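Topology and contacts: notes
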Amino acid sequence: MEFEFDHELYYSRLLYTQIQMDYGVKVRELSGDQTLTRRQIDETQIIVTTPEKWDIITRKSGDRTYTQLVKLLIIDEIHLLHDNRGPVLESIVVRTMRQIETTKEHIRLVGLSATLPNYEHVALFLRVDPKKGLFHFDNSYRPVALYQQYIGITVKKPLQRFQLMNDLCYEKVMSFAGKHQVLIFVHSRKETSKTARAIRDAALANDTLSRFLKEESASREILHTHTDLVKSNDLKDL
């Protein structure tokens, strides 16, 4: 799949490089920037590609170089069917099913998602046998129990709502600061620096910064040493 941010694509490439090293399986990338020769295709067991690139390839009825070799199609983040690239994924699935019906050669379709509440509907679209091919893992499969808490905010004014959300976020973070790592998800890249700065400023105002970073810690020294290497001014400031 194609990822929104470069660092996610980097980790994807790191993953399939590790697969090659550990299992001796040849993995190659196929995208707008990467093309494969016939020889490279013959040597490859796993192709990592974007929906758009695979859609273009499978539309070429005369070119069966790729498609005739594929016996397993894994669609990661299948919930993107509900996104603006959903029609592309739909086309790929339908075209694959048509290929199966025409050639009588079976191709296994696997859809993966960690955020898909209507998984039964998607399974129906993929023609999955619900008794044998549908797998749903709820919280009972977790080795550590997951606790969820929802906090509703009724403030209408954007600035006041943003401030209140940051205050609540700071309170939650402080309950774990110095004990465990905390991961905060926000809605955009810009919100990342804004939220981080709000938590930093709140910690300075409440004199709790030492809860995050000890005065004489090695982490603080490393951060100071590598500050000049950071290109983003927002991140450098933080």
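Scope of this entry: the structure provided in the associated data block. Everything quoted here is computed from the prediction, not taken from an experiment.

Quick word on the overall build of the protein chain
Helix and strand counts for the protein chain come out as nine helices and four strands. Secondary structure of the protein chain in N-to-C order comes out as α-β-α-β-α-β-α-β-α-α-α-α-α. Its C-alpha radius of gyration of 23 Å places the protein chain more than 25% over the 18 Å reference for a compact globule of 238 residues. Counting only C-alpha atoms, the protein chain reaches 70 × 40 × 35 Å along its principal axes. Counting only residues that meet the buried cut, the protein chain has 24% of its 238 residues in that class. Expressed as a percentage of contacts within the protein chain between residues at least 6 apart in sequence, the contacts between residues at least 24 apart total 52%.

Description of the environment of P130
Along the chain, the position of P130 falls in the loop between helix 5 (119–125) and helix 6 (158–174). Considering only alpha carbons, one finds P130 and E120, 10 residues apart in sequence, at a separation of 8.0 Å.

What about the packing of aromatic side chains?
Per the counting criterion, the structure on display carries one aromatic pair. Between the aromatic rings of F137 and Y141, the centroid separation amounts to 5.1 Å while the plane-to-plane angle is 80°, which identifies the pairing as edge-to-face. Take Y141: its relative accessible area is 54%, and that puts it in the exposed class.

Some remarks on the pairing of strand 1 (residues 27–30)
Of the two faces of strand 1, the one holding V27 and E29 and the one holding R28 and L30 are both buried throughout. For strand 1 and strand 2 (residues 46–49), the ladder comprises four bridges, and the chain directions are parallel. Across the sheet, V27 pairs through a bridge with I46, a residue of strand 2. Running through helix 2 (residues 38–43), the crossover from strand 1 to the neighbouring parallel element strand 2 is right-handed.

Focus: empty space enclosed by the protein
The method is simple in principle: a probe with the dimensions of a water molecule rolls over the atoms, and the space it marks as empty is what remains. Tallied over the entire structure, the rule returns one cavity of 30 Å³ or more. Here the largest cavity is characterised by a volume of approximately 80 Å³. As for the largest cavity, its lining consists of W54, T58, T67, V70, L73, I92, R95, T96, Q99 and I107.

Topic: the layout of surface pockets
Considering only enclosed or pocket space, the largest pocket measures out at about 1900 Å³ in volume. Along the wall of the largest pocket there are 41 residues; nearest its centre are V182, T192, A196, L235 and L238. Breaking the lining of the largest pocket down by element, the ones donating at least two residues are helix 1 (6–23), helix 7 (189–205), helix 8 (218–226) and helix 9 (233–237). In terms of residues, the lining of the largest pocket owes the most to one element, helix 7, which gives eight residues. For the lining of the largest pocket, the residue count by class is 18 nonpolar, 13 polar and 10 charged. C169, K172, L183, I184 and F185 are the residues nearest the centre of the second largest pocket, which is lined by 27 residues in total. Broken down by element, the lining of the second largest pocket gets its largest block of residues, nine residues, from helix 6. Its residues assigned to classes, the lining of the second largest pocket comprises 17 nonpolar, seven polar and three charged.

Calculation rules
Residues numbered from 1 in each chain as written. Predicted model: local features only at pLDDT ≥ 70, side-chain atom pairs only at ≥ 80, totals over all residues. Heavy atoms only, no water. Helix = DSSP H or I, 4+ residues; strand = E, 2+ residues; numbered from the N terminus. Rg over C-alpha atoms; globule rule 2.2 N^0.38 Å. Buried < 20%, exposed > 50% of the residue type's maximum accessible area, 1.4 Å probe, protein only. Contact = heavy atoms within 4.5 Å. Phe/Tyr/Trp six-rings, centres within 6.5 Å; stacked < 30°, edge-to-face > 60°. Pairing = 2+ DSSP bridges. Right-handed = clockwise from strand over helix to strand, strands pointing away. 1 Å grid on protein atoms, 1.4 Å probe; cavity = no way out; pocket = protein on both sides within 12 Å on 5 of 7 lines; lining within 4 Å. Points joined across faces, edges and corners; volume = space filled by probe spheres on them. Nonpolar A, V, L, I, M, F, W, Y, C, P; charged D, E, K, R; others polar.

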